[in-house]
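Breakdown of the fold
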Amino acid sequence: MNTPSSRPLSRWRRLLPWLRWGTVALLSLLLLLDRLLPPPLPSVRDTSTLVVARDGTPLRAFADGDGVWRYPATPESVSPLYLQALLTYEDRWFWRHPGVNPWALLRAGGQWLRSGRIVSGGSTLTMQVARILDPHTRTPWGKLKQLLRAVQLEARLDKRQILQLYLERAPYGGTIEGVEAASWAYLGKPAARLSHAEAALLAVLPQSPSVLRPDRHPDAARRARDKVLARMAALGVWTPAQVADARVEPVVARALVPPLHAALLAQHLREAQPRQPRIVSTLDAELQRTLEERVTSYFSQLPERTSAALLVVDNATLEARAYVGSVAFSDRRRLGYVDMVRAWRSPGSTLKPFLYAMALDDGLIHSESLLVDAPQSFGGYRPGNFDAAFNGPVSAATALRLSLNVPAVDLLDRVGPARFAARLDNAGIGLRFPRGSAPNLALILGGTGARLEDLVGVFAAFQRDGIAGRVRYRADEPRVERRLVSSGAAWIVREILQANPRPGYGIGTFDTAARPAVAWKTGTSYGFRDAWAIGSTRRYTVGVWVGRPDGTPLPGQYGAVTALPLMFEVMDALPRLPGDSTSPPMPDGVAKVAICWPLGEAEAQTPAPLCVRRREAWTLDGVVPPTFAEREARLWQSGRERFEVDARSGKRVSPSCRQPHRTQVAEVARWPALATPWLSAAERRGAQLPPLAPDCAADGRDGNGSLRIEGLNDRAVLARAPGSAHAVRLQLRALGSESTIDWLLDGRWIAQTQGGRMYARDFAEPGEHALTALAQDGAWTQVNFRVLE
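Conventions we followed
- Residues numbered from 1 in each chain as written.
- Predicted model: local features only at pLDDT ≥ 70, side-chain atom pairs only at ≥ 80, totals over all residues.
- Heavy atoms only, no water.
- Core = buried A, V, L, I, M, F, W, Y, C linked by side-chain atoms within 4.5 Å.
- Buried < 20%, exposed > 50% of the residue type's maximum accessible area, 1.4 Å probe, protein only.
- Contact = heavy atoms within 4.5 Å.
- Helix = DSSP H or I, 4+ residues; strand = E, 2+ residues; numbered from the N terminus.
- Pairing = 2+ DSSP bridges.
- Axes fitted to C-alpha atoms, helices over the stretch in contact; angles between N-to-C directions.
- Salt bridge = Lys/Arg side-chain N within 4 Å of Asp/Glu carboxyl O.
- Parallel < 35°, antiparallel > 145°, perpendicular 65-115°, else oblique.
- Left-handed = near helix turned anticlockwise from the far one by under 90°.
- Nonpolar A, V, L, I, M, F, W, Y, C, P; charged D, E, K, R; others polar.
- pLDDT = per-residue confidence, 0-100.
- Patch = residues over 30% accessible without salt bridge, like charges linked within 9 Å, V, L, I, M, F, W, Y side chains within 5 Å.
- Areas by Shrake-Rupley, 256 points an atom, 1.4 Å probe, with all protein chains shown as cover.
- Disulfide = S-S within 2.5 Å.

With that out of the way, let us pick up the nonpolar core. Counting residues in hydrophobic clusters, the biggest one holds 84 residues, and the most contacted among them are Leu-311, Leu-351, Phe-354, Phe-420 and Leu-484. Filtering out sequence-adjacent residues up to four positions away, Phe-354 remains in contact with Phe-420, Leu-424, Ile-429, Leu-455, Val-458, Phe-459, Phe-462 and Leu-484. Grouped together as the second largest cluster of nonpolar side chains are 56 residues, Leu-83, Ala-130, Tyr-166 and Ala-203 included.

Our focus in this paragraph is helix 8 (residues 196-204). Most of helix 8 is tucked away: eight of the nine residues are buried. All of the buried residues in helix 8 are Ala-197, Glu-198, Ala-199, Ala-200, Leu-201, Leu-202, Ala-203 and Val-204.

What follows deals with the sheet that holds strand 25 (residues 759-763). Taking strand neighbours across the sheet as the criterion, the three strands line up as 20-22-25 in an open arrangement whose pairing is antiparallel. The open sheet terminates on both sides in strands that have one partner only, identified here as strand 20 (708-710) and strand 25. Recorded for the sheet is a direction-independent mean angle of 35° between the axes of neighbouring strands. Of the pairings in the sheet, the one linking strand 20 to strand 22 (residues 728-735) comprises three bridges and is antiparallel in character. Counterpart to Glu-710 in the pairing with strand 22 is Arg-733.

Opposite charge on two side chains lets them pair, provided their charged atoms get close. Enumeration according to the criterion identifies 40 salt bridges in this entry. Across the pair Arg-149 and Asp-134 runs a salt bridge whose closest N-O atoms are separated by 3.0 Å. Of this pair, Arg-149 sits in helix 5 (residues 140-156) while Asp-134 is found in the loop between helix 4 (125-133) and helix 5, placing the two residues 15 residues apart along the sequence. In this structure, Arg-149 and Asp-134 share a single accessibility class: buried.

This part takes up the packing of helix 13 (residues 285-298) against helix 20 (residues 559-573). If you want to describe how two helices pack, look at the angle between their axes and the distance between the axes. The interhelical angle for the contact between helix 13 and helix 20, taken along N-to-C directions, is 155°, at an axis separation of 11 Å. One way to sum up the angle between helix 13 and helix 20 is to call them roughly antiparallel. Crossing of helix 13 over helix 20 shows right-handed handedness. Contacts between helix 13 and helix 20 involve Leu-291, Arg-294, Val-295 and Tyr-298 on the former and, on the latter, Val-561, Thr-562, Pro-565, Leu-566, Glu-569, Val-570 and Ala-573. Residue classes in the contact of helix 13 with helix 20 are distributed as eight nonpolar, one polar and two charged.

With that out of the way, let us pick up the confidence of the model for the chain. Summarising the model, the chain shows a mean pLDDT of 87, and 89% of its residues fall at 70 or more. Here helix 3 (residues 102-115) is the element of the chain with the lowest mean pLDDT, 58, and helix 14 (residues 352-361) is the one with the highest, 98.

Side chains of Trp-141, Leu-144 and Leu-148 sit close together on the surface and give an oily, nonpolar patch of about 370 Å² of accessible area. Within the element layout of this structure, Trp-141 appears in helix 5. With a relative accessible area of 71%, Trp-141 lands in the exposed category.

A word on the packing of helix 14 against helix 19 (residues 487-498). Across the interface, helix 14 lies against helix 19 with an axial gap of 9 Å and an inter-helix angle of 135°. By the angle between their directions, the pair helix 14 and helix 19 is classed as oblique. Like other packed secondary-structure pairs, helix 14 and helix 19 cross with a definite hand, here right-handed. Residues Pro-353, Tyr-356, Ala-357, Leu-360 and Asp-361 of helix 14 touch helix 19, and the partners they reach there are Ala-489, Ile-492, Val-493 and Leu-497. Residues that form the contact of helix 14 with helix 19 fall into these classes: eight nonpolar, no polar and one charged.

For the rest of this paragraph, the subject is the state of the cysteines. In total, this model carries two disulfides according to the counting rule given. Disulfide pairing is shown between Cys-596 and Cys-611; the S-S distance is 2.0 Å. Judged by the sign of its S-S torsion, about -85°, the bond between Cys-596 and Cys-611 is left-handed. In this pair, Cys-596 is assigned in strand 15 (residues 590-597) and Cys-611 in the loop between strand 15 and strand 16 (613-620), connecting sequence segments 15 residues apart. Each member of the pair, Cys-596 as well as Cys-611, carries the same accessibility label: buried. With its bonded cysteines labelled in order along the sequence, the chain shows the pairing 1-2, 3-4.

Encoded structure:
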């Protein structure tokens, strides 16, 4: 018999199976719905690709497929102050609730019923993430959907993953999403370095991003921020002093301009790692911004379609510190979208230092070896100098510093063009030649293609004991290093280039001791298409290119005028450390030796009468190579000339003399025949053989000819005909040789004739002049004249 007290218990027992199975059914239904209607979680990390500097400063961001700027962020990468403000103000129980906070919902519902408006929200961070991933309508059904999605997120993700979704996707106005993108967009700094005021501002902005945008509504943003600060103080999370200081801080926001520095390098890095959300480059953000502004300002006056490129590399690590691929990335008139750091261009004379270093290693030259800068033919190839002038006898160091073309071609012919190109390719400069062609002598004057980044990586070898390498743009890139030349050859070439004063700085005129010494070289390609300047200090190597990306000429713009001043400006702007101005120690094997011209040998092994000019030379491994033998010179060969002379008269004695002579051995030091026009009268006399004794037959050791200019007398005065506006026109020819004749006016090449053929020229330049005719066999003559105004 059931008592009244037992009836409820019996009823619950009958309901218990229904509750149990109902719960199972409900859970099964929820599980089925979860499977059928899963939350729209991102299948991949779809943040924008962000390329940053080495300190994390954004250089360039690439928006996602929807045009949204969303930077990668994690709870560990943002400021703890921001996390405190966010969780305290938005969801204090985030780490404890299952996605939904019933008490917060009840509180928000009660406030809404009492006041008729929303006083505080009841959404948790998980619910906000659910709304971001799957937007809903503001209806009861929409709210229910949000609740269910929040539960789904909690079931599928851990708290850290949910928080990361919020950090990367919270709306901040316009196309800005996530705290990292907002911090850079509005504040210009990473989210890891926020102040209390900034953390409070970014924590509240997603509540109403269009109304609270600090760039448009700073007063509304400040009031919302102060509300967060008050909450932080009331709950004791931040001290009153911290909150008071934060309130004083103004709300200042930048215009929403996506970062766009090193744009072309960022594009290259992104193409190399298309799935990487955050790419850390080796660039220095502040230096990059400074040099971009300097390049834009420096070249703003150049003609249209003119661009420039700049690369700064740390010698120790080969990491790039600044990369300017064009004058202005967005300037289509200057083809700013073309990356000239990686473009193939004619290198002009920038390859010459590598050639001289290799010649040192080969034992062909020392730093003061006598080379001849005069018209010469190399198998039909007849190079001239940039200014069309010739300098006669020059040292290897002078030839390199002045970038003289004939001595460089002479050296390349001895080293071998194919071998030289192969050595450069092994070191990192892969030269490009026209299809079907092979390396030839023209490559040393720019008759090939090279890239700025390769030139800079190999030029750094002069500061790295001869070891070249590939420029690195990410710290995790492997080092690719190859030996270019020996440490001694690198040291000597660097000393030669460093001794070249800056344009406008004569030796001893300015005190440059506080500046690091710069080893520098310029180059200009044929037709003024490319202007180069490359220089290095102990810490940095800098390369500059100027020209038109489409390859059209830029008349009047060449390396020393256009590119070199910017290169020195950049060098002076680079950071310095103690010791940067000190010279590196001299390597073993390098020594300074006194040598003598014209023989080129050590002074200690040269008789005093044959030491016509004494010079101090850097030598390598004890090798003191003599002056090169002349090419195709029929007049005489350079070097010592030994002969017998009559002891009484001093005249030369040949093997066939009618009378006996008491003889003794004599010798002279011969200069290269092509250098003769530039020698002093005393030097020319000292290099000549004495005349034969009258009773001796010719021995064939005298010159085989002499030249005479017909059509212009020595010391002539030329004047225009009275009343004529035309210059004086002369018909000239060189008599005495059937070989090729080069004509030089004041040391500058003006023409070439064959044998005694006529040459006509107008002489309009007033003043004193010297006209020289130089035969291929070494014979020469010169007349001086004056042209009246």
